[in-house]
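# Coordinate inspection notes
These are the residues of each chain, in order.
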Amino acid sequence: MDFNGSGGGNELHNNQFYPSEESKPLLGEISTQQPPPEGNNNHKAGPCSKRSLLHSSSGMRYKLLQEGDIQVCVVKHPRTFLSKIFTSKYLRRWEPHHLTLTDSSLVSATPTGYMEAPLSYSTIEDLQLLSWDNAPKYCVQLSIPGGTVLLQAANSYLRDQWFHSIQWKKKIYKYRKVLNNPSRWDVVLKEIRALVDMALTSPLQDESIHQAPLHIISTLLAENTNLSAQDHENIIVAIAPLLENNHPPPDLCEFFCKHCRERPRSMVVIEVFTPVVQRILKHNMDFGKCPRLRLFTQEYILALNELNAGMEVVKKFIHSMHGPTGQCPHPRVLPNLVAVCLAAIYSCYEEFINSRDNSPSLKEIRNGCQQQSERKPPMPLRLLRPEPPTPPPTTTEILVELERNNNTTNTLHKAPAEGDREPNLIDCLLVSPALNALSIQLPAHADRVLGCFALILKMLSDYDDWRPALASLLQPIPFPKEELKYVIQRFAEDPRQEVHSCLLSVRSGKDGWFQLYSPGGVACDDDGELFASMVHILMGSCYKTKKFLLSLAENKLGPCMLLALRGNQTMVEILCLMLEYNIIENKDTQLQIISTLESTQVGLRMYEQLCDRQRELKELQRKGGPTRLTLPSKSTDADLARLLSSGSFGNLENLSLAFTNVTSACAEQLIKLPSLKQLNLWSTQFGDAGLRLLSEHLACLQVLNLCETPVTDAGLLSLSSMKSLCSLNMNSTKLTADTYEDLKVRG
């Protein structure tokens, strides 16, 4: 094809054809600029001459254009002398158009004039960057059959952006057509490699630059499912460079999942999939938007578990995700791992849960296509530990208890607001005691999947920095799984309140880990030892101690008395506290608790100590003694306890402990002063734990000085329950502005 430019009476005619892209091999090296053809050395410089602008590889980057405003001119190939005059550059007519770069053509928003019909990429034979010496106009030349389309931009950067965007769209269009009808897979593999190279070397910076080739390849794989295992590996290796900084699209995830299931020991899993999964775990924000990413991560972990080292390989992978330091630098890793584990565990039960008594599937629940009247009343179930006899080799037997609900008015969804909520494990697997037992067979691989992902949760609980978030993530969805007992023990042993407080239920009326592992609970298999350790750690840090004791008395008094009867020291202390704080009002229940305490040596000893304290308390609270008391500086908790035990302080209203060495431990003595109204703790080590105890027991306190104490927002907020408090000094504390405003509102 020839291009003619004329002007100033001189005409330069080039009869040499430019090489067309249609005649070039598609696998050739992608160039951003076509060089001048060989043998075209007679090209003279002049006012009307055309010069090609070679694109430098200096690192200029452009955003992929989807649409924009540009000047358009169409020059038909001149056939006569008159037509050559009309096509000279001085007589050309330019039209403004708003062009859109679709997947197959250039389309104008105003289809008139030159752009009355869309310009298909298949008709573009060549692209060139052009400029004129005397009157610079930044143009892109599109060679088409019978003529040339010129696109004029405002500057060189916009011109280059249009050039690379059109070139990219044209090549993607070609690759899509070529790979849509594959003939030989060896040729297809070469085309895929060339497509990947083109995406990696393109000067365009846009998410679609890497996603478009991945979508083309995923469509190719979805339409050709009869590939050999070797073809699978070759394709995966070919597209691996594109996956370094991009998530695979859904169809490609399905392809990867299939490869993990069929060839878990393939080196592709370790060498190619590992960085892809690491990127997913580090950067994915919501598996709900792309559940196949989660499924691919799940299958990858199961493939690692199939290797010779098994869980050791999985453990190393988890450690690599956390990093060598004590703090994981990627905040999304833990939530994503937990989401994968919980989804994998639930998938083991989902088919069984959905099949029992015509229950709807998750998909049906999400779509709302199942009417309540079409469903039978659900049969709640509870998983139990299997009996000692060994199950058949191909299946895993799990005993479940079924309870038929005779009330046909009960429905699956309680309210429309909960209709879109996915049922969790505790809702589906835990119910009240059953009427008859039934043996249910789960798929053969269920135990392997359950064991693998439950052990991953166990690994996650071993990292101190992950434990608070892990406890928070697992709090709303407790479920009975033996391997998780270790995780719950880790929560119960952690001294941080944000960790062990998650053992409690997330809301009233819904069981939590604390309820599951209590004696008689569905997961309790240790006679309540773990339950006792939970109670111990919760009592040690819970600022609502009295409220917590009331909750135990109302819901777990039986298990507490049973464990105390067996000599558990924590439960003996709990029963003594219930008596000391007058938690139990019923006299018969009080006598039963006393009998329980007296039935063991440790209980008898602690009950006698309680009686002694009660006598001392009555003596201490007897009316009389001073109304004001000031301890010397440097006094300690022991000094205060010794002083208060020496006489009656029932009339004490004003106590100053300023500049002493007392700590939160002295709160145990302060709460025994029923008439105390003013307390000065200036410059002491009295902290949050002491404040929480004071807020529960000193209802008459009116003035409190906490100046220069180590109290924080957590402790200060507990003071909002003290309705009689009218003066509070918090100077030089760690009080924040938000807590200050909150206290003002509550006060």
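- As annotated in an unreviewed UniProt entry, the chain carries the name C-Maf inducing protein and is attributed to Cyprinus carpio.

## A closer look at the packing of helix α3 (residues 185-201) against helix α5 (residues 229-239)
- Close contact between α3 and α5 brings their axes to 9 Å; oriented N to C, the two are set at 15°. Relative to α5, the element α3 lies roughly parallel. Viewed along their axes, α3 and α5 form a crossing whose handedness is right-handed. Two secondary-structure elements touch here, α3 through Trp 185, Leu 189, Ile 192, Arg 193 and Val 196 and α5 through Asn 234, Ile 235, Ala 238 and Ile 239.

## Quick look at the packing of aromatic side chains
- By the definition in use, this model includes twelve aromatic pairs.
- Here the aromatic rings of Phe 514 and Phe 548 are separated by 6.1 Å at their centres, their planes lie at 55°, and the arrangement is tilted. Of this pair, Phe 514 sits in helix α17 (residues 513-516) while Phe 548 sits in helix α19 (residues 545-555), placing them 34 residues apart in sequence.
- Of the residues examined, Phe 514 reaches a relative accessible area of 4% and is grouped as buried.
- Aromatic ring contacts, followed pair by pair, group Phe 255, Phe 256, Phe 273 and Phe 296 into a single cluster.
- Note that Lys 458 overlies the ring of Tyr 486, its terminal NZ or CZ placed 4.8 Å from the centroid.

## Remarks on the environment of Thr 712
- Take Thr 712: it is sitting in the loop between β16 (703-705) and α27 (713-717).
- Classification of Thr 712 as partly exposed rests on a relative accessible area of 24%.
- Residues Thr 712 and Thr 739, spaced 27 residues apart in sequence, show a C-alpha to C-alpha distance of 9.5 Å.
- Excluding its chain neighbours within four sequence positions, the residues that come into contact with Thr 712 are Asp 688 and Lys 734.
- Only 2.4 Å separates the side chain of Thr 712 from the side chain of Asp 688, close enough to count as a polar contact.

## A few points about unusual backbone geometry
- Although it is not a glycine, Ser 683 adopts a positive phi angle of roughly 55°.
- Note that Ser 683 resides in the loop between β15 (678-680) and α26 (688-697).
- In this structure, Glu 708 is a non-glycine residue whose phi angle is positive, near 60°.
- Along the polypeptide, Glu 708 turns up in the loop between β16 and α27.
- On the basis of relative accessible area, Glu 708 is assigned to the partly exposed category, the value being 40%.

## Quick notes on the environment of Cys 328
- Topologically, Cys 328 is positioned in the loop between α9 (311-322) and α10 (333-355).
- Since its relative accessible area comes to 11%, Cys 328 is described here as buried.
- Sequence separation between Cys 328 and Tyr 463 is 135 residues; the distance between their C-alpha atoms is 9.3 Å.
- Cys 328 has contacts with Met 321, His 322, Val 333, Asp 465 and Trp 466, leaving out every residue within four places of it along the chain.

## Some remarks on the state of the cysteines
- Counted by the stated rule, this structure contains zero disulfides.
- Lacking any disulfide linkage, Cys 341 is separated from the closest cysteine sulfur, that of Cys 452, by 7.7 Å.
- According to the relative accessible area criterion, Cys 341 is buried, its value standing at 0%.
- Exposure remark for Cys 452: the relative accessible area of 2% places this residue in the buried category.

## What to know about the pattern of salt bridges
- Inspection of every chain in the model, using the stated rule, returns 20 salt bridges.
- Across the pair Glu 95 and Arg 93 runs a salt bridge whose closest N-O atoms are separated by 2.5 Å.
- Note on Glu 95: relative accessible area 11%, which makes it buried.
- Of the residues examined, Arg 93 reaches a relative accessible area of 47% and is grouped as partly exposed.
- Taking the shortest distance from any N to any O, the salt bridge between Asp 462 and Arg 490 comes out at 3.5 Å. Taken together, the positions of Asp 462 in the loop between α13 (446-460) and α14 (467-474) and Arg 490 in helix α15 (residues 484-493) put the pair 28 residues apart, joining distant regions of the chain.
- Its relative accessible area of 34% is what places Asp 462 among the partly exposed residues.
- Sharing partners across several salt bridges, the network here consists of Asp 464, Arg 467, Asp 494 and Arg 496.

Cut-offs used in this document
- Counting restarts for each chain: residues are numbered from 1 in the order of the written sequence.
- Only residues with pLDDT of at least 70 get local features here, since the model is predicted, and only at 80 or more are side-chain atom pairs given and counted; chain-wide, interface and lining totals rely on the full set of residues.
- Each side-chain value is derived from all of the structure's non-hydrogen atoms; neither hydrogens nor water enter the calculation.
- The convention used is that axes are lines fitted to C-alpha atoms, helices contributing only their stretch in contact, and that angles between N-to-C directions extend from 0 to 180 degrees.
- A run of H or I in DSSP counts as a helix once it spans at least four residues, and a run of E counts as a strand once it spans at least two, with each numbered from the N terminus.
- Roughly parallel here means an angle under 35 degrees, roughly antiparallel means over 145, roughly perpendicular means 65 to 115, and every remaining angle is called oblique.
- Crossing handedness is read from the near helix: turned anticlockwise from the far helix by less than a right angle, it gives a left-handed crossing, and turned clockwise, a right-handed one.
- Residues count as neighbours in contact if any of their non-hydrogen atoms are within 4.5 Å of one another.
- Whether two aromatic rings pair depends on their centres lying within 6.5 Å, for rings of Phe, Tyr and Trp, where Trp uses its six-membered ring; planes under 30 degrees apart make the pair stacked, over 60 edge-to-face, and the rest tilted.
- Type-normalised accessible area, obtained with a 1.4 Å probe on protein chains alone, sets the label of each residue: buried when under 20%, exposed when over 50%, and partly exposed for intermediate values.
- By definition here, charges over rings are those cases where NZ of Lys or CZ of Arg is within 6 Å of the ring centre and within 35 degrees of the ring normal.
- Counting of polar contacts relies on pairs of N or O atoms within 3.5 Å, with two restrictions inside protein: one atom must be capable of donating a hydrogen and the other of accepting it, and residues adjacent in sequence are counted only when both atoms are side-chain atoms.
- A pair of cysteine sulfur atoms is labelled a disulfide when the two atoms are within 2.5 Å.
- The term salt bridge refers to a pairing of a side-chain nitrogen on Lys or Arg with a carboxyl oxygen on Asp or Glu at a separation within 4 Å.

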